[in-house]
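Below, each chain spelled out in residue letters.
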Amino acid sequence: MTRLSVVLLLALIGSSMYLVRVSYDARRLFNELDRAQSEARRLEVEHERLKSEKQSQATPLRVERVARDKLAMRAATPAVTQYVAYAPAPAASKEAP
Amino acid sequence: MKFFGKRSAGNGNASRQAPPTVRSVMYSTSPLLASKTPPWRSKFLVGLVGLGFLVLVGRAGYVQIIGNDFFLKQGEIRYARTLDLAASRGRIIDRNGQLLAVSVPAPSLWAIPKEFQADRSQRQKLARLLGMSVAELAGRLDDSPNYVWLRRQVDEQVARDAMALDIKGLFQTREFRRDYPYREAAAHVVGFTSTEERGQEGIELAFQKELEGHKGTRRVVKNRLGGVVEEFGEGVPPIDGRDIELSIDATYQSLAYQRIRDAVAEHKAKAGSVVMLDAQTGQVLALANYPSYVPGDRRNLTGGQLRNRALTDVFEPGSTMKPFVVSLALETGRVNRNTVIQTAPGRMTIQGATISDSHPHGALTVAEVIQKSSNIGTVKMAMQMQPREMWEIFSQAGFGQRPQINFPGAVTGRLRPYKSWRPIEQATMSYGYGLSTSLFQLARAYTVFAHDGEILPVSLVKKGPGESVAGVRVFSKQTAQTMREMLQMAAGPGGTAPKAQVMGYSVGGKSGTAHKQEGKGYADKKYRSWFVGMAPIDHPRVVVAVMVDEPGDGKYFGGDVAGPVFSDLVQKTLRSMGVAPDLDVRPQIVAQNIPAVEESF
């Protein structure tokens with residue numbers, strides 16, 4: 001009878017320790033999961049922001065502004081025809097680095 | 001020590017009788033122990049202990065049973081936290097899924113000035129990041145000792161850099177801001193929100209309920225480090241706002257904005273608007289106004305920039321009304337397209353008021369009345385009709401009716417009841433004076449001709465491919481087709497708007513020009529020019545209305561000012577819709593085998 005009690009006591013202690021460990025693990029894992037989830041949300045929002053930014057870099061208005069301001073381009077009409085004359089310029093090519 | 005000494009002195013007598021040894025001390029005979037303990041004392045003690053237990057049991061009972069709720073709640077307060085779960089506002093996207101408005105994180109920086117500690121270089125760096133001077137920053141911090149916003153809704157990178165300066169007393173709060181990739185091009189359609197993300201204008205306002213998200217909450221247990229270790233209870237999941245899919249096509253919208261902007265600049269005009277409708281479904285493909293504004297930066301805005309002119313500004317539709325009167329005459333069999341109407345000498349008098357054409361035309365067929373936009377010809381047809389007939393057609397075409405569109409600020413326009421029409425008013429109304437309409441209503445009215453006699457319901461929200469649109473019949477299919485042919489003549493050689501022609505596509509439309517109303521009369525030198533048309537003419541895909549307000553460079557006819565905008569827009573739009581050209585494109589210079597005129601020498 002006594003022996004049985006001792007065995008049961010040991011089993012109880014073992015199981016209690018195990019319970020402590022398991023609940024600790026559960027909390028730790030839950031914490032990790034929660035952090036991963038909020039990271040996922042953050043990344044999702046970031047993704048949305050980047051998508052919007054990417055799009056605003058490619059709108060026709062922006063393309064037009066860059067073409068006009070940075071690249072100095074103009075809309076071509078038959079009125080702005082430039083005739084390019086072929087003239088060899090050996091002097092110029094020597095000066096060029 | 002003293003106590004011991006006394007005791008030994010007191011024992012002096014006994015030690016004299018018996019030699020004092022340790023063994024000889026008789027405890028049982030100690031006089032101190034001689035007195036008997038009264039039995040009530042132990043009972044009293046037992047009673048006290050028992051009472052103590054009773055109190056404990058009572059307390060336990062109180063805590064566990066009677067006051068249980070209170071204590072449970074108190075306990076929970078000490079370990080449980082309620083976290084708010086932010087719900088994001090829905091996006092606004094165009095018909096192809098391009099983003100027109102989207103919420104992006106934008107932290108706000110705030111400070112507690114009495115805790116604020118930063119040295120010179122930190123202050124300088126912070127001021128530069130926030131885009132203000134050091135003095136301005138100091139002024140901000142002086143506002144209140146407890147709490148000041150330094151700058152709300154900055155870019156994430158700015159906030160990160162500012163927090164990296166590691167200044168005491170500087171904090172950030174997570175907030176969201178609306179981002180509008182198409183900026184001023186789509187500003188009037190999309191609208192904008194307040195700092196708290198509530199819709200203030202445009203679609204943002206009209207669909208506030210749908211776009212708005214609902215915050216959720218969750219109950220959690222947090223550990224000492226602030227990490228969540230457990231979740232309990234039933235949280236409320238956050239509900240994100242619904243995405244709104246517009247019928248607008250961002251590409252056409254940008255194109256329309258660019259064209260009207262360029263036209264306004266070219267003609268030194270005050271303002272301009274464009275409305276483009278899908279002629280098959282009545283959906284709005286583009287709705288642009290100039291001047292516009294950048295929705296993300298609303299400092300120094302004027303009412304003129306904010307106004308959605310296409311929907312809120314009314315004007316007298318002028319010549320663009322003629323097709324409705326002529327169609328009615330065709331429909332009722334009063335005329336056919338070849339009936340000749342004498343418009344010479346270019347003026348006529350009704351009740352003492354004179355109506356005139358800009359040029360006398362002589363005898364014109366009905367088709368030519370539309371082509372040349374003859375007031376006299378139209379009036380002669382209109383005077384054969386009852387006012388009620390005309391009124392019915394006008395209101396069926398949507399004039400004087402509020403457009404059934406979920407958008408703030410759409411105006412009704414003005415169409416007086418037919419009972420109060422005098423004959424001269426009936427005459428002027430037939431060529432578009434004495435009633436008013438917005439450009440949007442006008443564009444919609446022209447879906448009557450574009451959609452084989454049926455007026456289409458308009459919508460800014462994209463419809464599914466399966467959803468059919470039910471138009472309301474105004475004219476017969478035959479009449480609408482005949483009128484389209486006449487409109488094609490008006491937008492062709494010999495018409496009023498040859499500049500509206502499009503390379504490769506047949507178009508039809510009607511130009512309009514009017515003196516602007518000022519006070520009670522008409523301003524002498526201020527005009528409004530517009531053009532409404534459709535293409536391709538056999539099976540129209542788009543209806544486009546263009547209006548330019550106060551062109552100031554001498555050209556003011558609708559065909560000259562608004563026509564080219566129409567032409568350019570229609571060409572690009574139809575091509576990108578994949579509509580096959582229905583006209584042969586003729587190169588402008590043709591080397592033909594024509595005998596040359598002989599040179600004199």
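The rules behind these values
Residues numbered from 1 in each chain as written. Chains lettered and ligands numbered in written order. Predicted model: local features only at pLDDT ≥ 70, side-chain atom pairs only at ≥ 80, totals over all residues. Heavy atoms only, no water. Contact = heavy atoms within 4.5 Å. Buried area = accessible area lost by both parts, 1.4 Å probe. Salt bridge = Lys/Arg side-chain N within 4 Å of Asp/Glu carboxyl O. Polar contact = N/O pair within 3.5 Å; in protein donor to acceptor, adjacent residues only side chain to side chain. pLDDT = per-residue confidence, 0-100. Helix = DSSP H or I, 4+ residues; strand = E, 2+ residues; numbered from the N terminus. Pairing = 2+ DSSP bridges. Axes fitted to C-alpha atoms, helices over the stretch in contact; angles between N-to-C directions. Patch = residues over 30% accessible without salt bridge, like charges linked within 9 Å, V, L, I, M, F, W, Y side chains within 5 Å. Areas by Shrake-Rupley, 256 points an atom, 1.4 Å probe, with all protein chains shown as cover. Buried < 20%, exposed > 50% of the residue type's maximum accessible area, 1.4 Å probe, protein only. Left-handed = near helix turned anticlockwise from the far one by under 90°. Nonpolar A, V, L, I, M, F, W, Y, C, P; charged D, E, K, R; others polar. Lys, Arg positive; Asp, Glu negative; His and termini not counted.

(A) Representation of the interface of chain A and chain B within the structure. Listed per partner, the contact involves 18 residues of chain A and 27 residues of chain B. Roughly 2,100 Å² of surface becomes buried between chain A and chain B when both sides are summed, with 52% attributable to carbon and sulfur atoms. Interface area lost by chain A to chain B is led by A:F30, A:Q55 and A:L61, which between them contribute 26%. Counting every contact that joins chain A to chain B gives 5 salt bridges. Among the ionic pairs, B:E156 bridges to A:R49, the shortest N-O distance being 3.6 Å. At the junction of chain A and chain B, the tally comes to 7 residue pairs in polar contact (both at pLDDT 80 or more).

(B) Focus on the confidence of the model for chain A. Residue and element names in this part refer to chain A. For chain A, the average pLDDT comes to 85, and 89% of its residues sit at 70 or higher. When mean pLDDT is compared element by element in chain A, helix α1 (residues 2-56) scores highest at 92, while helix α3 (residues 90-95) scores lowest at 50. With pLDDT under 50 throughout, residues 92-97 is counted as low confidence; its partners more than four residues away or in other chains account for 0 contacts.

(C) View of the sheet that holds strand β3 (residues 99-105) of chain B. A sheet is described by the order of its strands in space; here 4 strands give the open sequence β7-β3-β2-β10 (chain B), paired in mixed fashion. The sheet is open, and its two borders are formed by β7 (176-179) and β10 (244-245) of chain B, each paired with just one other strand. Strand direction decides the pairing type here: strand β2 (residues 92-93) of chain B and β3(B), joined by 2 bridges, are antiparallel. Its bridge partner being in β3(B), B:I93 is matched across the sheet by B:L99. The strands touched by α1(A) are β3 and β7 of chain B; relative to β3(B), the strand with the most contacts, the crossing angle is about 135°.

(D) Quick look at a nonpolar patch on the surface. Residues and elements named next belong to chain B. Together, W40, F44, L45, L48, L51, L54 and V55 make up a nonpolar patch on the protein surface, roughly 780 Å² of accessible area in all. Secondary-structure assignment places W40 in helix α4 (residues 39-66). W40 sits in the exposed class, given a relative accessible area of 56%.

(E) Inspection of the pattern of salt bridges at higher detail. Counting across every chain of the model gives 43 salt bridges over all chains. Between B:E230 and A:R27 there is a salt bridge, with its nearest N and O atoms 3.4 Å apart. Of the two residues, B:E230 sits in strand β9 (residues 228-236) while A:R27 sits in helix α1, which places them in two different chains. Relative accessible area serves as the criterion here: at 42%, A:R27 is assigned to the partly exposed category. The residue B:E389 makes a salt bridge to B:R334 at a minimum N-O spacing of 3.0 Å.

(F) Quick look at unusual backbone geometry. Note the cis peptide between B:A344 and B:P345, where omega equals 5°. Of note, B:P345 is situated in the loop between β14 (340-342) and β15 (347-350). Looking along the chain, the bond that leaves B:A535 and enters B:P536 is cis, with omega of -20°. Along the chain, B:P536 falls in the loop between β22 (521-535) and β23 (542-549). Even without glycine at this site, A:A72 takes up a positive phi of about 55°.

(G) Region of interest: the packing of helix α18 (residues 387-396) of chain B against helix α19 (residues 423-430) of chain B. All names here are of chain B. It is the contact of α18 with α19, at a shortest axis distance of 11 Å, that shows an interaxial angle of 35°. Where α18 crosses over α19, the two elements pack in a sense that is left-handed. Contacts between α18 and α19 involve P387, M390 and F394 from the former and Q426, M429 and S430 from the latter. Residues that form the contact of α18 with α19 fall into these classes: 4 nonpolar, 2 polar and no charged.

(H) Quick peek at the environment of B:R178. Residues and elements named next belong to chain B. Examined against the element boundaries, R178 turns out to sit in strand β7. For the pair R178 and E210, spaced 32 residues apart in sequence, the C-alpha separation works out to 16 Å. Contact partners of R178, with chain neighbours within four places excluded, come to R89, G90, I92, A101, V102, S103, T193, E197, E204 and L211. Of the polar contacts made by the side chain of R178, one reaches the side chain of E204; its length is 3.0 Å.

(I) A look at the sheet that holds strand β11 (residues 271-278) of chain B. Residue and element names in this part refer to chain B. The antiparallel open sheet is built from 5 strands, whose spatial order is β12-β11-β23-β22-β21. Across the chains shown, the open sheet's two edge strands, defined by having one partner strand only, are β12 (284-290) and β21 (508-518). Looking at each pair of strands side by side, their axes are set apart by 10° on average, direction ignored. Of the pairings in the sheet, the one linking β21 to β22 comprises 10 bridges and is antiparallel in character. Looking across to β22, one finds that S511 is bridged to F531. Relative to the sheet, helix α24 (residues 563-577) contacts β11, β12, β21, β22 and β23, its axis offset from that of β23 by approximately 150°.

(J) Up close: the side chain of B:D357. All names here are of chain B. The residue D357 is located in the loop between β16 (353-356) and β17 (363-365) in this model. Buried and unpaired, D357 has no salt bridge, with K322 as the nearest side chain of opposite charge at 5.9 Å. At 3.3 Å, the side chain of D357 forms a polar contact with the backbone nitrogen of I376. Beyond its immediate stretch of four places on either side in the chain, D357 contacts T343, G346, S374, N375 and I376.

(K) Seen up close, the confidence of the model for chain B. Residue and element names in this part refer to chain B. The share of residues in chain B with pLDDT of 70 or more is 92%, and the mean pLDDT across the chain is 86. Under a pLDDT of 50 for its full length, residues 1-16 has, in the predicted model, 1 contact with residues more than four places off or in other chains. Here the predicted complex scores 0.80 on pTM and 0.72 on ipTM.

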